[in-house]
There are 2 protein chains.
Amino acid sequence: METWKEFEANELTHSAAHHLIAIHELGAEYGGWARVSDIAKDLGITRGSVSINLRALKKRGYVVTDEHRMVKLSAKGLEVANSVKSKKAGFKTFLIDVLGVSEAQAEIDSCKIEHLISEETSERLAQFMDEHKPAHH
Amino acid sequence: METWKEFEANELTHSAAHHLIAIHELGAEYGGWARVSDIAKDLGITRGSVSINLRALKKRGYVVTDEHRMVKLSAKGLEVANSVKSKKAGFKTFLIDVLGVSEAQAEIDSCKIEHLISEETSERLAQFMDEHKPAHH
DNA sequence: GTCAAATGTTTGGTATGTCAAACTATTTCC
DNA sequence: GGAAATAGTTTGACATACCAAACATTTGAC
């Protein structure tokens, strides 16, 4: 009867998920390392906000920093970043290819729910997509 | 590039959506009217929280109150409550019947995303479900 | 090596959404 | 009709997540 509170209990908030994704993408060419101001620029928020948000993500073990204040995902952070990205990609593909939703709306919807979908659902969706792949000769 | 901020721009928060749904369901037998303390009991939060949250929902035109402090959805509030409920129901059915997700997980996932799904996606999903109804004789 | 620019942090502010607890108002019971 | 229980509101607290602006630190240009 209080299923609705599961939302608050979610491992990651939408904001936290996007901080991790930003680090992952910005760090891609630099061995995983990213800078606070580049994360801020990428997310369109201030350096101050990122600084504070990273403190919490660091404390919770999702990111690590080095002596030059460079930021990197921990193993746990990398795992959840990849999980969220794959959920988003899978759901977006489903929306476009199966339901026929427009690309723009599919991007928005998949971005909104990427961090909320359970492993069970994302696995079943992947299985469904696999079974309904366009036929090949 | 800042699609991720659409989340914050969503018409309803998860909490707001569930306040509206609670009013809708509690009021069902009383001409739509519900009491603060029953809403609080239903949601599992304090009367104080509900009181404050309703103030905002009233200001934004989703609920109305009478001289006895009874609470009811406005036409707009009723519309969004119904929309959210139907999105949840449609998505949950899809998860269970099409993907084979467990009932418990489908309930949680659909509850988390019910207020985030666009009209376009929910319409396409409804259409998909309609086209894939179990065959009848 | 100095000075300016860029970067990172901190502080004080806002908004949401929760709590506990104090307070006020209403209803119910006898 | 008075006392107790119930209902509603308000206050002060906390957590998240943003901003602007002040501040500190680091980097880079010369």
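Bear in mind the structure is a predicted one, so any value in this text is a computation, not a measurement.

## Considering the protein's contact with DNA strand D
Reasoning step 1: By nearness alone, 19 residues border DNA strand D, and T13(A), N53(A), S37(B), R47(B) and R55(B) come closest of all.
Reasoning step 2: Backbone sugar and phosphate groups make up 71% of those atoms of DNA strand D lying within 4 Å of the protein.
Reasoning step 3: The contact in question runs from a phosphate oxygen of DNA strand D to an N or O atom on the side chain of N53(A), over 2.7 Å.
Reasoning step 4: With respect to DNA strand D, the backbone of V36(B) contributes an N or O atom lying 3.5 Å from a phosphate oxygen.
Reasoning step 5: Tallying contributions element by element places helix α3 (residues 47-59) of chain B first for the surface near DNA strand D, with five residues.
Reasoning step 6: Taken together, the residues that form the surface near DNA strand D break down as four nonpolar, ten polar and five charged.

## Regarding the protein's contact with DNA strand C
Reasoning step 1: Taken together, 19 residues form the shell around DNA strand C, and within it S37(A), R47(A), R55(A), T13(B) and N53(B) come nearest.
Reasoning step 2: When the atoms of DNA strand C within 4 Å of the protein are sorted by group, sugar and phosphate make up 68%.
Reasoning step 3: Contact distances for DNA strand C include 2.9 Å between a phosphate oxygen and a side-chain N or O atom of S49(B).
Reasoning step 4: Elements with a contribution of two residues or more to the surface near DNA strand C: α2 (36-43) and α3 (47-59) of chain A together with α1 (14-27) and α3 of chain B.
Reasoning step 5: Its residues assigned to classes, the surface near DNA strand C comprises four nonpolar, ten polar and five charged.

## Quick notes on the interface of chain B and chain A
Reasoning step 1: Across the boundary between the two partners, chain B contributes 39 residues, which contact 39 residues of chain A.
Reasoning step 2: Around 3400 Å² of area is buried between chain B and chain A when both sides are counted, 67% of it from carbon and sulfur atoms.
Reasoning step 3: Seen at the junction of chain B and chain A, the total is zero salt bridges.
Reasoning step 4: One can count 16 residue pairs in polar contact (both at pLDDT 80 or more) joining chain B with chain A.
Reasoning step 5: If you list the elements that add at least two residues to the side of chain B that touches chain A, you get α1, α2 (36-43), α4 (75-99), α5 (103-113) and α6 (119-131) of chain B.

## Thoughts on empty space enclosed by the protein
Reasoning step 1: This structure, assessed with the given rule, holds two cavities of 30 Å³ or more.
Reasoning step 2: When its volume is computed, the largest cavity comes out at roughly 50 Å³.
Reasoning step 3: Lining the largest cavity we find F91(A), F94(A), L95(A), L99(A), D109(A), I113(A), F91(B), I117(B), T121(B) and L125(B).
Reasoning step 4: Tallying contributions element by element places helix α4 (residues 75-99) of chain A first for the lining of the largest cavity, with four residues.
Reasoning step 5: For the lining of the second largest cavity, the secondary structure elements donating two or more residues are α6 (119-131) of chain A together with α4 of chain B.
Reasoning step 6: If you tally residues by element for the lining of the second largest cavity, the top one is α4(B), at four residues.
Reasoning step 7: A per-class count over the lining of the second largest cavity returns seven nonpolar, one polar and no charged.

## Concerning the relation of the copies chain B and chain A
Reasoning step 1: Placing chain B over chain A gives an RMSD of 0.0 Å and needs a rotation angle of 180°, together with 0.0 Å of translation along the axis. Taken together, the rotation and translation relating the two chain copies correspond to the operation of a two-fold axis. Closest approach to the rotation axis within chain B is made by the C-alpha atom of I113(B), at a distance of 3.1 Å.
Reasoning step 2: Both copies contact each other with a shared surface, as 100% of the interface residues of chain B are interface residues in chain A too.

Quick notes on the rules
Residues numbered from 1 in each chain as written. Chains lettered and ligands numbered in written order. Predicted model: local features only at pLDDT ≥ 70, side-chain atom pairs only at ≥ 80, totals over all residues. Heavy atoms only, no water. Near = heavy atom within 4 Å. Polar contact = N/O pair within 3.5 Å; in protein donor to acceptor, adjacent residues only side chain to side chain. Helix = DSSP H or I, 4+ residues; strand = E, 2+ residues; numbered from the N terminus. Nonpolar A, V, L, I, M, F, W, Y, C, P; charged D, E, K, R; others polar. Contact = heavy atoms within 4.5 Å. Buried area = accessible area lost by both parts, 1.4 Å probe. Salt bridge = Lys/Arg side-chain N within 4 Å of Asp/Glu carboxyl O. 1 Å grid on protein atoms, 1.4 Å probe; cavity = no way out; pocket = protein on both sides within 12 Å on 5 of 7 lines; lining within 4 Å. Points joined across faces, edges and corners; volume = space filled by probe spheres on them. Least-squares fit on C-alpha atoms with pLDDT ≥ 70 in both.

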